[in-house]
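These are the residues of each chain, in order.
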Amino acid sequence: MKGNDLLKGLTYVDDSLVKEAEEHKPKKSPIRFVLPVAASFAIIIAAFSIRSNYPNHLPLSPENNIPPIVGNESPHSGKDYELYFNDADSQTAADIYIE
Amino acid sequence: MDDSKIIELYFARDEAAIRETKIAYGKKLDNLSFSILRNIEDAGECVNDTYLKTWNAIPPQKPACFYAFISKICRHLCFGRLDYRNAKKRKFEIVTLSDELANCIPDKLIQAEFEDKVIGDALTVFLNTLSKDHRVIFMRRYWFCEPISDVANHLKVSESKVKTSLHRTRIKLKAYLKKEGISI
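None of the values given here were measured: they were computed from a predicted structure. Note that residues are indexed from 1 along each chain, following the sequence as it is written. For this description, chains carry letters from A and ligands carry numbers from 1, given in the order in which they are written. Where local features are concerned, this predicted model is filtered to residues with pLDDT of at least 70; where side-chain atom pairs are given and counted, the filter is 80 or more; whole-chain, interface and lining totals use all residues. With hydrogens and water excluded, all non-hydrogen atoms of the structure serve as input to the side-chain values.

A. Expanded view of the overall build of chain B. In this description a helix means any DSSP run of H or I spanning at least four residues, a strand means any run of E spanning at least two, and both kinds are numbered starting from the N terminus. Scanning chain B from N- to C-terminus turns up nine helices and zero strands. Along chain B, from the amino end to the carboxyl end, the secondary structure elements read α-α-α-α-α-α-α-α-α. Whether a residue is buried, partly exposed or exposed follows from its accessible area with a 1.4 Å probe, protein chains only, as a fraction of its type maximum: under 20%, in between, or over 50%, in that order. Looking at chain B residue by residue over its 184 residues, the buried ones come to 48%. Whether two residues touch is decided by their heavy atoms; if any such pair falls within 4.5 Å, the residues are in contact. A separation threshold of at least 6 residues defines the contact pool for chain B, and within that pool the share at least 24 residues apart is 68%. Residue exposure ignores everything except the shown protein chains as possible cover, and the areas themselves are Shrake-Rupley values with a 1.4 Å probe. Carbon together with sulfur atoms contributes 52% to the accessible area of chain B, which is approximately 9900 Å² in total.

B. Representation of the interface of chain A and chain B. Each partner contributes residues to the interface: chain A has 24 residues there, and chain B has 44 residues. Put simply, buried area is how much 1.4 Å-probe accessible surface two parts lose in total, over both of them, once they are put together. Note on chain A versus chain B: buried area summed over both sides is about 3300 Å², and carbon and sulfur give 66% of it. Basic side-chain nitrogens of Lys or Arg form a salt bridge, by our definition, when they fall within 4 Å of a carboxyl oxygen of Asp or Glu. Lys28(B) is paired through a salt bridge with Glu22(A); the nearest N and O atoms lie 2.7 Å apart. Elements supplying a minimum of two residues to the side of chain A that touches chain B: helix H1 (3–10) and helix H2 (15–23) of chain A. The dominant element in the side of chain A that touches chain B, judged by the number of residues it contributes, is H1(A), at eight residues. Looking at side-chain class alone, the side of chain A that touches chain B contains ten nonpolar, five polar and nine charged residues. In the scheme used here, Gly and all other residues not listed as nonpolar or charged are polar, with Ala, Val, Leu, Ile, Met, Phe, Trp, Tyr, Cys and Pro taken as nonpolar and Asp, Glu, Lys and Arg as charged.

C. Highlighting a nonpolar patch on the surface. Residues and elements named next belong to chain A. Residues Val37, Phe41 and Ile45 make up a contiguous nonpolar surface patch of roughly 310 Å² in combined accessible area. Tracing the sequence through the fold places Phe41 in helix H3 (residues 31–52). According to the relative accessible area criterion, Phe41 is exposed, its value standing at 51%. Here a patch means residues that are over 30% exposed by relative accessible area and free of salt bridges, tied together within 9 Å if like-charged and within 5 Å if nonpolar (Val, Leu, Ile, Met, Phe, Trp, Tyr).

D. Structural detail: the packing of aromatic side chains. Residue and element names in this part refer to chain B. Aromatic pairing here means that ring centres of Phe, Tyr or Trp (its six-membered ring) are within 6.5 Å. Orientation follows from the plane angle: under 30 degrees is stacked, over 60 is edge-to-face, and everything else is tilted. Counting across every chain of the model gives seven aromatic pairs over all chains. Summarising the aromatic geometry, the rings of Tyr10 and Phe66 are spaced 5.9 Å apart at their centres and angled 50° between planes, so their arrangement reads as tilted. With Tyr10 in helix H1 (residues 3–11) and Phe66 in helix H4 (residues 66–85), this pair connects stretches of sequence that are 56 residues apart. Of the two residues examined, Tyr10 and Phe66, each falls in the buried class.

E. Structural detail: the pattern of salt bridges. Under the definition given, this model contains six salt bridges over all chains. Notably, a salt bridge pairs Asp15(A) with Lys72(B), separated by 2.6 Å at the nearest N-O pair. Taken together, the positions of Asp15(A) in helix H2 and Lys72(B) in helix H4 put the pair across two chains. Note on Asp15(A): relative accessible area 23%, which makes it partly exposed. The salt bridge partner of Arg135(B) is Glu20(A), with a shortest N-O separation of 2.8 Å. You can see Arg135(B) sitting in helix H7 (residues 132–142) and its partner Glu20(A) sitting in helix H2, one on each of two chains. Salt bridges sharing partners connect three or more residues here, namely Asp42(B), Glu45(B) and Arg81(B).

F. Examining the confidence of the model for chain A more closely. pLDDT is a per-residue confidence score from the predictor, ranging from 0 to 100. Across chain A, pLDDT averages 71, with 46% of residues at or above 70. Within chain A, H1(A) has the poorest average pLDDT of any element, 78, and H3(A) the best, 84.

Rendered as structure tokens:
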């Protein structure tokens, strides 16, 4: 028997095998599904990270009740939040000096 | 037109059956015939003979899978034409395919004749042991006589993967033929 005999014999294989080979459709690559999902996640993550970099845009809540800065007003101008710096007189260490 | 309706036309002896067969499967038969013969004129003649043989075969036969039925007729005619034509000159493509499959024959020294049908049955059993992907690759390469590049394009895989699959399948086929005693 020669290779040609096998080729001829192949003609007589079952019809279902011929039909299967003829109608076979290649599997769709999973990358087709992975790419859109990955792109969607990237967009969502980007949106959240941008939003987190702008705290003034966050809604007021008991944990975050600082009002947004508007105009040139200093954040320390309010009396309720008056700060005192270099108030060394009230400290013990202020009396220590070298003659 | 649906295969069953085409077959009904054959049973009604309506010549539209041939026209509808040509519309539905003419291009596929042309490709199959040309893949084997590599000659447009011979391929065209074999396809026309296929229509005639189909017309004569249906009825009484009623094929379950119409395309497999007519493509088998076409393939048979093509190899007959090839034998006739290659009496003096052998064609490169089929020689290549034959040589590839000849490597599957365990013992080339012993000569024996096997009926094509027996070989076909043995190959059917063997092919059913393969995975679907390997089976389809093998069938497209050796049944439809497609070039490796076409097989790879059709299945959306690389040519190297097709070559590897064919190589492994041939090794398995050789072992199978040896096991079945088909050693010639």
